[in-house]
Amino acid sequence: MSSFLNTPRRMPLAVTLFATGLCGTSPALAQQAQKEELRQIVQPAGGMAASPSSLTMYGLVDTSLASASNAGGRVRRMDSGHMNGSRLGFKGSEDLGDGLRSNFLLEMGLNSDAGTMGQNQGAGAKSFGRGAIVGLSGSMGEIRLGRTVVAIGSEVQAVGDAFGLGGGGNLQGIQPAPGRVNNTIWYQSPNFGGFIAKLSYSPGETTVTSGTATSSRSGASTAASVFYLKGGLSAAIGYSTYRQLADASTLHWFHSAAAYDFGAAKLFGSYATFRNPGAAVTPATHAAADNNLMFAGFPLVGYYSGQDDRSASIGIAVPFGVSTVLAQVVRVDDKGPLNRDATQFGIAYIYALSKRTSLYADYGRIRNRNGAAYAVTGATSQAGLDRGGNSHATHVGVRVAF
């Protein structure tokens with residue numbers, strides 16, 4: 001068995017894009033776990049193993065003490081997976097010769113505060129809800145089959161997220177995005193002069209009933225994206241759709257993100273749109289759809305019919321020694337009839353005790369308008385709303401990767 005942090009020497013460009021990630025060439029170790037989180041998003045499922053065959057067991061435990069808002073005021077509790085989702089995983093790769101490799105990954109979410117299984121939301125518990133994929137990789141690129149580790153739209157977000165998709169200021173807390181998807185056929189191209197393309201299709205696998213409004217394509221998801229890296233610049237653009245089970249209408253997401261590493265600091269930015277022209281997506285219908293699609297940036301009141309969001313963010317990561325300070329602002333401007341706007345602010349301090357272990361403290365706040373109900377989230381944690389319909393949370397935690 002090898003460690004999750006003992007990463008392969010041979011990496012495709014997309015791996016390098018995220019692995020150089022948040023701290024760039026700085027000696028700071030404080031964001032090591034986030035770089036590994038982002039590295040896993042794009043690397044071949046079993047990694048580009050140095051040996052002919054490999055099997056890796058890896059994991060991460062993230063536990064924090066939280067003070068978060070709820071309807072009664074404040075609640076004090078212990079959370080799992082605030083900065084990075086706690087998990088246990090197995091991945092492997094076999095050299096088949098002539099540059100061809102077979103890969104697999106099985107990754108389960110864990111609730112480290114209670115010892116229970118994560119990714120239990122929606123239609124049934126998921127033993128390996130964070131990812132269950134098998135595939136082939138070679139000179140023509142890579143193909144995966146199964147439940148993806150993260151959907152393509154979220155991968156684009158990761159490029160422009162100073163918080164690395166976790167912590168109280170992360171983009172997925174407020175910016176709508178598709179999440180993990182079942183039944184996925186996923187393709188990543190080779191590197192072409194700094195560009196990498198990705199495509200995915202996920203059939204809904206639903207049963208059509210005569211006389212209903214649904215079709216055989218209900219529940220299906222599609223996504224396409226392009227990633228680019230040159231020097232200190234990283235950028236990505238992507239488009240995703242999901243055909244609703246309720247009325248076969250289509251949700252549309254567009255994401256664009258960029259980051260530039262100046263050495264002493266790294267700047268991040270994103271711009272995204274979301275449109276729901278069909279039926280409202282309530283928490284109940286979201287739970288029913290979760291067997292096919294998990295939404296990120298999902299407000300507690302759901303998405304209403306006619307919602308038409310524009311969102312933008314700007315963030316910064318400043319490393320010094322073994323410490324890193326993160327800050328990010330995200331604004332959602334709803335152009336739909338209900339005008340549900342929101343603004344999120346987050347700040348975090350991370351201190352690396354080693355490459356595997358770090359301490360962190362962070363604060364996130366969301367100000368909602370006109371019935372918007374976004375709540376501060378981490379990688380897997382979520383605060384509630386206070387009496388004024390806003391949300392705020394403070395976390396102090398420790399995470400260990402192995």
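Definitions and cut-offs
Residues numbered from 1 in each chain as written. Predicted model: local features only at pLDDT ≥ 70, side-chain atom pairs only at ≥ 80, totals over all residues. Heavy atoms only, no water. pLDDT = per-residue confidence, 0-100. Contact = heavy atoms within 4.5 Å. Helix = DSSP H or I, 4+ residues; strand = E, 2+ residues; numbered from the N terminus. Buried < 20%, exposed > 50% of the residue type's maximum accessible area, 1.4 Å probe, protein only. Pairing = 2+ DSSP bridges. Phe/Tyr/Trp six-rings, centres within 6.5 Å; stacked < 30°, edge-to-face > 60°. 1 Å grid on protein atoms, 1.4 Å probe; cavity = no way out; pocket = protein on both sides within 12 Å on 5 of 7 lines; lining within 4 Å. Points joined across faces, edges and corners; volume = space filled by probe spheres on them. Nonpolar A, V, L, I, M, F, W, Y, C, P; charged D, E, K, R; others polar.

Structural notes on the confidence of the model for the protein
Now for step 1: When pLDDT is averaged along the protein, the result is 83, and 82% of the positions lie at 70 or above.
Now for step 2: Throughout residues 1-28 the model reports pLDDT below 50, and contacts reaching past four residues in sequence, or to other chains, amount to 84 contacts.
Now for step 3: Ignoring residues within four places in sequence, the model shows residues 44-51, a span with pLDDT below 50, making 33 contacts including any to other chains.

What about unusual backbone geometry?
Now for step 1: In this structure, Asp 98 is a non-glycine residue whose phi angle is positive, near 55°.
Now for step 2: Summarising the element assignment, Asp 98 is placed in the loop between strand S3 (87-97) and strand S4 (100-111).
Now for step 3: Of note in this structure, Leu 165 is not a glycine but carries a positive phi near 65°.
Now for step 4: Secondary-structure assignment places Leu 165 in the loop between helix H3 (152-159) and strand S8 (177-181).
Now for step 5: Take Leu 165: its relative accessible area is 9%, and that puts it in the buried class.

A closer look at the side chain of Thr 148
Now for step 1: Residue position: Thr 148 is located in the loop between strand S7 (141-147) and H3.
Now for step 2: Those residues in contact with Thr 148 that sit more than four places away from it in its chain are Arg 130, Gly 131, Ile 133, Arg 180, Val 181, Thr 184 and Trp 186.

Quick notes on the pairing of strand S15 (residues 293-296)
Now for step 1: The alternating pattern of S15 places Leu 293 and Phe 295 and Met 294 and Ala 296 on opposite faces, both of which are buried.
Now for step 2: Note that S8 and S15 share 3 bridges and pair antiparallel. Among the inter-strand pairings, Pro 178 is bridged to a residue of S15, identified as Phe 295.

A word on the pairing of strand S14 (residues 266-275)
Looking along a regular strand, one sees the side chains alternate between the two faces of the sheet.
Now for step 1: Most of S14 is tucked away: 7 of the 10 residues are buried.
Now for step 2: One ladder, built from 10 bridges, connects strand S13 (residues 250-261) with S14; its direction is antiparallel. Following the sheet pairing, Asp 261 is matched in S14 by Lys 266.
Now for step 3: Note that S14 and strand S16 (residues 308-320) share 10 bridges and pair antiparallel. Counterpart to Arg 275 in the pairing with S16 is Asp 308.

Some thoughts on the packing of aromatic side chains
Now for step 1: Scanning the entire structure with this criterion turns up 9 aromatic pairs.
Now for step 2: Where Tyr 242 meets Phe 295, the ring centres are 5.9 Å apart and the plane angle is 80°; that geometry is what we call edge-to-face. Of the two residues, Tyr 242 sits in strand S12 (residues 233-243) while Phe 295 sits in strand S15, which places them 53 residues apart along the sequence.
Now for step 3: What makes Tyr 242 buried here is its relative accessible area of 2%.
Now for step 4: Under the relative-accessibility criterion, Phe 295 is labelled buried at 7%.
Now for step 5: Taking the centre distance of 5.9 Å and the plane angle of 25° together, the rings of Phe 295 and Phe 298 count as stacked. We note that Phe 295, like Phe 298, is buried.

Looking at empty space enclosed by the protein
Now for step 1: The full count for this structure, using the stated rule, is 6 cavities of 30 Å³ or more.
Now for step 2: Volume-wise, the largest cavity comes out at about 120 Å³.
Now for step 3: Forming the boundary of the largest cavity are 18 residues, of which Ala 151, Val 181, Ser 200, Ser 221 and Ala 223 lie nearest the centre.
Now for step 4: Of all the secondary-structure elements, those providing two or more residues to the lining of the largest cavity are H3, S8, strand S9 (184-188), strand S10 (195-202), strand S11 (221-230) and S12.
Now for step 5: Here the element with the most residues in the lining of the largest cavity is S11; it accounts for 3 residues.
Now for step 6: A breakdown of the residues in the lining of the largest cavity according to their chemical character gives 9 nonpolar, 9 polar and no charged.

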